[in-house]
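This is what each chain is made of:
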Protein chains: 6
Amino acid sequence: MRPSDRTPEQLRPVTLEIGVNRYAEGSCLVSFGHTKVLVTASVEESLPPWLRGKGQGWVTAEYGMLPRATHTRGRREAAAGKQSGRTQEIQRLIGRSLRAVVDMKALGERQVLIDCDVIQADGGTRTAAITGAWVAMASALNYLKDEGVLKTDPILDQVAAVSCGVFMDTPVLDLDYEEDSNAEADSNFVLTGSGDIVEIQATGEKRGFSRAEFDRLFGLAESGCAELFAMQRAALGR
Amino acid sequence: MRPSDRTPEQLRPVTLEIGVNRYAEGSCLVSFGHTKVLVTASVEESLPPWLRGKGQGWVTAEYGMLPRATHTRGRREAAAGKQSGRTQEIQRLIGRSLRAVVDMKALGERQVLIDCDVIQADGGTRTAAITGAWVAMASALNYLKDEGVLKTDPILDQVAAVSCGVFMDTPVLDLDYEEDSNAEADSNFVLTGSGDIVEIQATGEKRGFSRAEFDRLFGLAESGCAELFAMQRAALGR
Amino acid sequence: MRPSDRTPEQLRPVTLEIGVNRYAEGSCLVSFGHTKVLVTASVEESLPPWLRGKGQGWVTAEYGMLPRATHTRGRREAAAGKQSGRTQEIQRLIGRSLRAVVDMKALGERQVLIDCDVIQADGGTRTAAITGAWVAMASALNYLKDEGVLKTDPILDQVAAVSCGVFMDTPVLDLDYEEDSNAEADSNFVLTGSGDIVEIQATGEKRGFSRAEFDRLFGLAESGCAELFAMQRAALGR
Amino acid sequence: MRPSDRTPEQLRPVTLEIGVNRYAEGSCLVSFGHTKVLVTASVEESLPPWLRGKGQGWVTAEYGMLPRATHTRGRREAAAGKQSGRTQEIQRLIGRSLRAVVDMKALGERQVLIDCDVIQADGGTRTAAITGAWVAMASALNYLKDEGVLKTDPILDQVAAVSCGVFMDTPVLDLDYEEDSNAEADSNFVLTGSGDIVEIQATGEKRGFSRAEFDRLFGLAESGCAELFAMQRAALGR
Amino acid sequence: MRPSDRTPEQLRPVTLEIGVNRYAEGSCLVSFGHTKVLVTASVEESLPPWLRGKGQGWVTAEYGMLPRATHTRGRREAAAGKQSGRTQEIQRLIGRSLRAVVDMKALGERQVLIDCDVIQADGGTRTAAITGAWVAMASALNYLKDEGVLKTDPILDQVAAVSCGVFMDTPVLDLDYEEDSNAEADSNFVLTGSGDIVEIQATGEKRGFSRAEFDRLFGLAESGCAELFAMQRAALGR
Amino acid sequence: MRPSDRTPEQLRPVTLEIGVNRYAEGSCLVSFGHTKVLVTASVEESLPPWLRGKGQGWVTAEYGMLPRATHTRGRREAAAGKQSGRTQEIQRLIGRSLRAVVDMKALGERQVLIDCDVIQADGGTRTAAITGAWVAMASALNYLKDEGVLKTDPILDQVAAVSCGVFMDTPVLDLDYEEDSNAEADSNFVLTGSGDIVEIQATGEKRGFSRAEFDRLFGLAESGCAELFAMQRAALGR
């Protein structure tokens, strides 16, 4: 009885469209249902000061939400003069997730800056962002290989993310906003193509939740990510 | 001999697409060639403190640019902790331009907040934003009339904007980035449907320019805006 | 093979000392080995604006670290002019963890502000902070009951937290700084006295890690928290 | 029928006094009626990072207003922690206006920093600032020539500015505060000694205004600037 | 052997000119030699929130320095985004000094805001500011009495300030910049017309200094302030 | 009749405990009655840019207060986004006081950063901080000498500080919070072991105060500091 009439283990319609920005080395417009995130991957031949001269590269991410991406207009962070704690938490998560599958030595002394901007939000923006960011980053690094800048592919594995939660006492996959607002528990799983854990965040929203419930969420995430990995490969034409 | 092979008096292909945001009362995705601006118009039943209880409404605008809207990635203003002088200058211009054609008494004690976010930038983002913002605002106010919230239309006239400049000693309409970067003079005209001036900004970039050149730019802007007014009406189905 | 000679399932020496601040309604100095966090719980008869008049209370937390709590001096956040993303992430976690075990209606229209200041850091500051914060909060609410301000105890359950990680391919409990810096995976578990999950955060630091490893970390956390719950009760004289 | 009993084409009494600051390489106290702006031109043998090593100089400006320069006290921007959008817009305009008449190669690798501080404001502060800033800058560069630091004069032409507006349906020159607050249209013209346009900003305040009105404002500005150019030369003893 | 050829107990030429701002309720341009501070006193019929409804008024001060008030240009605090520690220290001192001689009950529920802006700095700006601020405040309150807003004079006494220091082992009065930069000890005395101490700040700059030296500085300050009190009365026409 | 039953010339119980931080080169927990300040001295082999390459070192200090150090909880400065004027004033005073007794050449090109964090506040936090900071700094420099990093002791003398005030018309030593809140005059004296003045700050809080009262305060400070110097030496085992 999900508001969207999905079964508990059903993703929303997901699309991953590359090449949506004329200037970026890589880009991807990712949608999970009504959630839409525009991701660009920019390659810069420079590094933050603390990393210079170590023979390795870096991947970092920033996240933002257009003020009217949401049901009611939110304050523009640039006008407020700072990024919220939520924004910082999300962009740190995206960066960590991508770095987990990149060989920084193979990347060389350059930086990939990922920008994830939420055009429209209906739940699951951070997991959509991670899933799309991997595609944008892979596009950018493909481009660098095609240009002869990179000799080897620094990407070690795929990474994708999906949310799961306990909604009306039922574990379900890929919460939309209506479910998310009313879930008893909410979690985000970031997994690699080979099935390893990159990151798990799980929170009891209305009550604590049991280890049995958690295990069921984990299983949903594993099958959801398997679908996402296939879509990522298809988006890149593999 | 424009880089884009246009004649001096030729606009780039312009599109104005409404209804592009699921939540906003009005929205418009405007493109002038490769320049793309996503505009939303949000209606709030509240006013800034200094306007409360005066029996009138308000229209205001904010402007932003995604970090990789440009050829090289720019710094995210939310991360930098402030909006640049350029951003503030542009959003003040957009707000003034729209307020010039709205009857604030007829709007009543509510506020229209316009968000103009540049998805991709190839010159002329502020004039594209104004042109699209009028469409988004008109959509939002149409919606309020349809809902019975407004009895009369508070919009007094159309407003549109276009840039003109002196490029290689020739006055031309609607500069793209390549022209803009090399123009001797650069100007933005904001005009009403009835032909009045809302705002003129003209700047000599490499040299001062003559009053005769200015008059020619003005003429180009008048004919360019006439085209834009027709497209605005078409976008709204009038 | 742990640098501290502990067995994999062994906590560091933990102390929880209440009444360490002369003014606060509740306070606790918590230490996990060399990690020391001073926690105060301040009760204010006021609420943030968005909660007023709803017949319920609120619990929130702030976190800070003295500049020389760490091996090398860190920048003072007040001088830097903002709290880091890490700080915000941690204080949001502490607040959520405590709110999960408080009946906000029973608390009434008042606020408990928890301040967690790290005096010395040797890994696990956020989990030590949560474990001590529950004690400080319970002390403060006991005091309110003794004063007759509260009729019933708004605390529904205990909450404690502990870190676990995969160090040299072995899952171990309660990482110190040396382990934390070299762990393959790092996780924080926040559990209730009745065994439910309040929050799980697990991150692969050097590599993804397997579901089997995760399950082992979860088991270590459950036994570690069981010890902590007993110490919390002892600190309160129960 | 101007509140000040001036004819439509009449400037307020204008004074330009040089040498008013003991330390600055150049300075000018400019007054347009009750509007008084203290301008200093500081020469620094350094450049902003993005200009270094290009064999050219730079001119930039900052603008401020003393809190009680106005009828009612305004907030001190240093205490507010940021410059308003209006301030930034004005200081960018002043900088552009001066750079339009300076040969940056002839200036050499040094910087002229113009500070315009409004001591008392009665309308037209930005145009007074530009007019006085040219005098302060010319004084400073004269000094550098006298000292033998500069071989040639980097100043290519004079630049001055004046406001015009439509007040009670009549185009008038050099608005004071009372006129400015009630004008139907408001404009600022920045012109060179040879009659070229450096910058035009024109805004309909209460209504759009016609091209015929604009042309009349332009004519007033041309004659007003002609008077100002003579006064600038007189102030420098030319 | 003072650089300015003054005797140890000699003030620089001091002027106090009132009525220098057209809008402020009171104003004073104070100069101590080349040090010039423009002070305005603004009366507002409002109070900071924490003082409302207590049947008393408030006096507060802000201090600023024009960027080129000094030998080399300093950074504009509004552009830097914050007031320096030095600025805050000085404006707190000015406020305390004035409040010491005002009967807040007699002032009534209104606020006097003192703005001290240093036009040119040659040492002793804070003491010049205090001395001139008392005159500006007295002018403003005289005006309120003349207008019938105040029944009684809320000013209880005069207050003036002067710096003294040990320069080349000699205690001297009223340091200029050259002396101040090389003094062994530096002090500021704020005294009342009746000879009481409002504030003393004394600092050993190059070495500690003896109580005997301090006592000599105190004596110089007492005689210097006596001269200043007479000038303050003269400036007000008393 | 002091609230604490002390005689006018009696200090509160003072303790100075070194070695309280595991990582800092020097540390001291200082208490004056219920006032407790944790001081660390961190040595860094780097200097601020303006001091590099001059063959000398630097000593600087930062000050903070835990939010619930006080009777009612104060706002966390890191969350507020800036240090208050009071905080900046105090940390500047601490830095100046310590620098007065250090030979910067003998220190060499390194920096001692003093952090003074108030754990609990009952009046006199800045004077306690200075007194403890000298001990922490001396410990750190002893450590550097023991390690052979320093050949000679850069400390020229002791420095200590104490507050005095006029309470109920009686000059008293070492004000606690209750006295401080009600004192007619308040002063802080920073003196060297050889009896010289490093800094005096004296303020009339409720009224101006006389030179005779001031002289009595000075005498109390001299005897109080004599006691503190002995305790500093004892804390260091001298």
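Small disclaimer: the values here were computed from a predicted structure and weren't measured. (Residues numbered from 1 in each chain as written. Chains lettered and ligands numbered in written order. Predicted model: local features only at pLDDT ≥ 70, side-chain atom pairs only at ≥ 80, totals over all residues. Heavy atoms only, no water.)

### A look at the UniProt feature "binding site: phosphate" (unreviewed entry) in chain A
So, point 1. The positions that UniProt labels "binding site: phosphate" (unreviewed entry) are, in the present scheme, Arg86, Gly124, Thr125 and Arg126 of chain A. Across 41 residues of sequence, these annotated residues stay compact in space, with a maximum C-alpha separation of 13.4 Å.
So, point 2. Here Arg86 of chain A lies in helix H2 (residues 85-99).
So, point 3. Residue Arg86 of chain A is classed as partly exposed on the basis of its relative accessible area, which comes to 30%.
So, point 4. In contact with Arg86 of chain A, not counting residues within four places along its chain, are Tyr63, Met65, Thr125 and Arg126 of chain A together with Arg92 of chain C.
So, point 5. Tracing the sequence through the fold places Arg126 of chain A in helix H4 (residues 125-146).
So, point 6. The exposure class of Arg126 of chain A is buried, given its relative accessible area of 18%. (UniProt positions renumbered as here; feature names shortened; annotations may be inferred. Helix = DSSP H or I, 4+ residues; strand = E, 2+ residues; numbered from the N terminus. Buried < 20%, exposed > 50% of the residue type's maximum accessible area, 1.4 Å probe, protein only. Contact = heavy atoms within 4.5 Å.)

### What about the UniProt feature "domain: Exoribonuclease phosphorolytic" (unreviewed entry) in chain A?
Residues and elements named next belong to chain A.
So, point 1. Mapped onto this numbering, the UniProt entry gives "domain: Exoribonuclease phosphorolytic" (unreviewed entry) at residues 10-140 and 157-223.
So, point 2. For residues 10-140, the end-to-end C-alpha separation is 30 Å, with 30% helix and 31% strand making up the annotated structure.
So, point 3. In residues 157-223, the share of helix is 28% and the share of strand is 43%. The end C-alpha atoms are 17 Å apart.

### Observations regarding the pairing of strand S2 (residues 26-32) of chain D
Along a regular strand, successive side chains alternate from one face of the sheet to the other.
Residue and element names in this part refer to chain D.
So, point 1. Where burial is concerned, most of S2 is hidden: six out of the seven residues are buried.
So, point 2. In this sheet, S2 lies alongside strand S1 (residues 14-18) in antiparallel orientation, the contact comprising five bridges. Bridge pairing links Ile18 to Cys28 in S2.
So, point 3. The turn linking S2 back onto strand S3 (residues 35-44) is made up of two residues, and Gly33 within it adopts a positive phi angle of 60°. (Pairing = 2+ DSSP bridges.)

### Topic: the relation of the copies chain A and chain B
So, point 1. Here chain A sits on chain B after a turn of 180° about the axis and a move of 0.0 Å along it, with an RMSD of 0.0 Å. The operation mapping one copy onto its partner corresponds to a two-fold rotation axis. Judged by C-alpha distance, Ala78 of chain A is the residue of chain A that lies nearest the rotation axis, at 1.9 Å.
So, point 2. A share of 100% of interface residues in chain A that are also interface residues in chain B marks the association as one of identical surfaces. (Least-squares fit on C-alpha atoms with pLDDT ≥ 70 in both.)

### Remarks on the arrangement of the chains
So, point 1. No part of chain C reaches chain D; the closest C-alpha pair between them is 12 Å apart.
So, point 2. Structurally, chain A and chain F remain out of contact, their C-alpha atoms never closer than 10 Å.

### Describing the interface of chain C and chain A
So, point 1. Every contact between the two is made by 25 residues of chain C and, on the other side, 25 residues of chain A.
So, point 2. For the pair chain C and chain A, the summed buried surface comes to about 2300 Å²; carbon and sulfur atoms form 45% of the total.
So, point 3. It is Glu89, Ile197 and Arg211 of chain C in chain C that bury the most area against chain A; as a group they hold 27% of the surface buried on that side.
So, point 4. Linking chain C with chain A are six salt bridges, by the criterion used here.
So, point 5. Between Glu222 of chain C and Arg211 of chain A there is a salt bridge, with its nearest N and O atoms 2.9 Å apart.
So, point 6. Looking at the side of chain C that touches chain A, the elements with two or more residues in it are helix H2 (85-99), strand S9 (197-204) and helix H6 (211-235) of chain C.
So, point 7. Tallying contributions element by element places S9 of chain C first for the side of chain C that touches chain A, with eight residues.
So, point 8. Taken together, the residues that form the side of chain C that touches chain A break down as seven nonpolar, nine polar and nine charged.
So, point 9. Inspection of the sheet shows strand S9 (residues 197-204) of chain A paired to S9 of chain C by five bridges, in the antiparallel sense. (Buried area = accessible area lost by both parts, 1.4 Å probe. Salt bridge = Lys/Arg side-chain N within 4 Å of Asp/Glu carboxyl O. Nonpolar A, V, L, I, M, F, W, Y, C, P; charged D, E, K, R; others polar.)

### Observations concerning the relation of the copies chain C and chain A
So, point 1. Rotating chain C by 180° about the axis while translating it 0.0 Å along that axis superimposes it on chain A, leaving an RMSD of 0.0 Å.
So, point 2. A share of 100% of the interface residues of chain C reappears at the interface of chain A, consistent with the copies meeting face to face through the same patch.

### Thoughts on the interface of chain A and chain B
So, point 1. Each partner contributes to the interface: chain A provides 37 residues, whereas chain B provides 37 residues.
So, point 2. Taken together, both faces of the contact between chain A and chain B bury some 2900 Å²; the carbon and sulfur share is 48%.
So, point 3. A per-residue breakdown of the area chain A buries against chain B is headed by Tyr23, Arg68 and Arg73 of chain A, which together make up 28% of the total.
So, point 4. If you look at where chain A meets chain B, you find 12 salt bridges.
So, point 5. Between Arg76 of chain B and Glu62 of chain A there is a salt bridge, and its shortest N-O distance comes to 2.9 Å.
So, point 6. On inspection of chain A and its partner chain B, the count reaches 24 residue pairs in polar contact (both at pLDDT 80 or more).
So, point 7. If you list the elements that add at least two residues to the side of chain A that touches chain B, you get strand S3 (35-44), strand S4 (58-65), helix H1 (77-80) and strand S5 (111-120) of chain A.
So, point 8. Counting residues per element, the side of chain A that touches chain B draws most heavily on S5 of chain A, at six residues.
So, point 9. Taken together, the residues of the side of chain A that touches chain B sort by class into 15 nonpolar, 10 polar and 12 charged. (Polar contact = N/O pair within 3.5 Å; in protein donor to acceptor, adjacent residues only side chain to side chain.)

### Things to note about the packing of H2 of chain C against helix H4 (residues 125-146) of chain C
Two packed helices can be described by the angle between their axes and the distance between those axes.
Residues and elements named next belong to chain C.
So, point 1. Remark: H2 packs on H4, axes separated minimally by 10 Å, with the N-to-C direction vectors making an angle of 40°. When the axes of H2 and H4 are compared, the pair comes out oblique. For the element pair H2 and H4, the recorded crossing hand is right-handed. Contacts from Arg86, Glu89, Ile90, Leu93, Ile94, Ser97 and Leu98 of H2 reach H4 at Thr125, Arg126, Ala129, Ile130, Ala133, Trp134 and Met137.
So, point 2. Per-class residue counts for the contact of H2 with H4 are nine nonpolar, two polar and three charged. (Axes fitted to C-alpha atoms, helices over the stretch in contact; angles between N-to-C directions. Parallel < 35°, antiparallel > 145°, perpendicular 65-115°, else oblique. Left-handed = near helix turned anticlockwise from the far one by under 90°.)

### Brief notes about helix H6 (residues 211-235) of chain D
All names here are of chain D.
So, point 1. Here H6 spans 36 Å end to end across 25 residues, near enough to the 36 Å set by a 1.5 Å rise per residue.
So, point 2. Regarding H6, the residues found buried are Glu213, Phe214, Leu217, Phe218, Leu220, Ala221, Gly224, Cys225, Leu228, Phe229, Gln232 and Ala235.
So, point 3. Where H6 ends, the next residue or the one after it, Gly237, has phi of about 75°, a positive value. (Expected span 1.5 Å × (residues − 1).)

### What about the sheet that holds strand S8 (residues 185-192) of chain A?
So, point 1. The eight strands are arranged S7(A)-S6(A)-S8(A)-S9(A)-S9(C)-S8(C)-S6(C)-S7(C) in an open sheet whose pairing can be described as antiparallel. The strands lining the two open edges of the sheet, one partner per strand, are strand S7 (170-173) of chain A together with strand S7 (170-173) of chain C. For this sheet, the mean angle separating the axes of adjacent strands, direction not counted, is 15°.
So, point 2. As paired elements, strand S6 (residues 159-167) of chain C and S7 of chain C share four bridges and run antiparallel to each other. Its bridge partner lying in S7 of chain C, Val166 of chain C is registered against Pro171 of chain C.

### Thoughts on the sheet that holds strand S7 (residues 170-173) of chain E
So, point 1. Spatial strand order, S7(E)-S6(E)-S8(E)-S9(E)-S9(F)-S8(F)-S6(F)-S7(F): eight strands in an open sheet with antiparallel pairing. Lying at the two open borders of the sheet, with one neighbouring strand each, are S7 of chain E together with strand S7 (170-173) of chain F. Between one strand axis and the next, the sheet turns by 15° as a mean value, whatever way the strands run.
So, point 2. Relative to strand S9 (residues 197-204) of chain E, strand S8 (residues 185-192) of chain E is paired through seven bridges, and the arrangement is antiparallel. Paired with Leu191 of chain E across the bridge in S9 of chain E is Ile197 of chain E.

### Side note on the side chain of Glu199 of chain F
So, point 1. Topologically, Glu199 of chain F is positioned in strand S9 (residues 197-204).
So, point 2. Side chain to side chain, Glu199 of chain F and Thr203 of chain E meet in a polar contact 3.2 Å long.
So, point 3. One polar contact links Glu199 of chain F to Arg96 of chain F, side chain to side chain, over a distance of 2.6 Å.
So, point 4. Setting aside residues up to four positions removed in sequence, Glu199 of chain F forms contacts with Ala202 and Thr203 of chain E together with Leu93, Arg96, Asn188, Phe189 and Val190 of chain F.

### Some thoughts on the environment of Ser181 of chain F
All names here are of chain F.
So, point 1. In this fold, Ser181 is placed in helix H5 (residues 177-182).
So, point 2. Judged by its relative accessible area of 38%, Ser181 falls in the partly exposed class.
So, point 3. Residues Ser181 and Gly95 lie 86 residues apart in sequence; the distance between their C-alpha atoms is 26 Å.
So, point 4. Separated by 2.7 Å, the side chain of Ser181 and the backbone oxygen of Tyr177 make a polar contact.

### A look at unusual backbone geometry
So, point 1. Even without glycine at this site, Asp174 of chain E takes up a positive phi of about 60°.
So, point 2. Here Asp174 of chain E lies in the loop between S7 and helix H5 (177-182).
So, point 3. The class of Asp174 of chain E is buried, set by a relative accessible area of 1%.
So, point 4. Its identity as a non-glycine residue notwithstanding, Asp169 of chain F has a phi of 65°, on the positive side.
So, point 5. Mapped onto the elements of the fold, Asp169 of chain F is located in the loop between strand S6 (159-167) and S7.
So, point 6. On the basis of relative accessibility, which here comes to 55%, the residue Asp169 of chain F falls in the exposed class.

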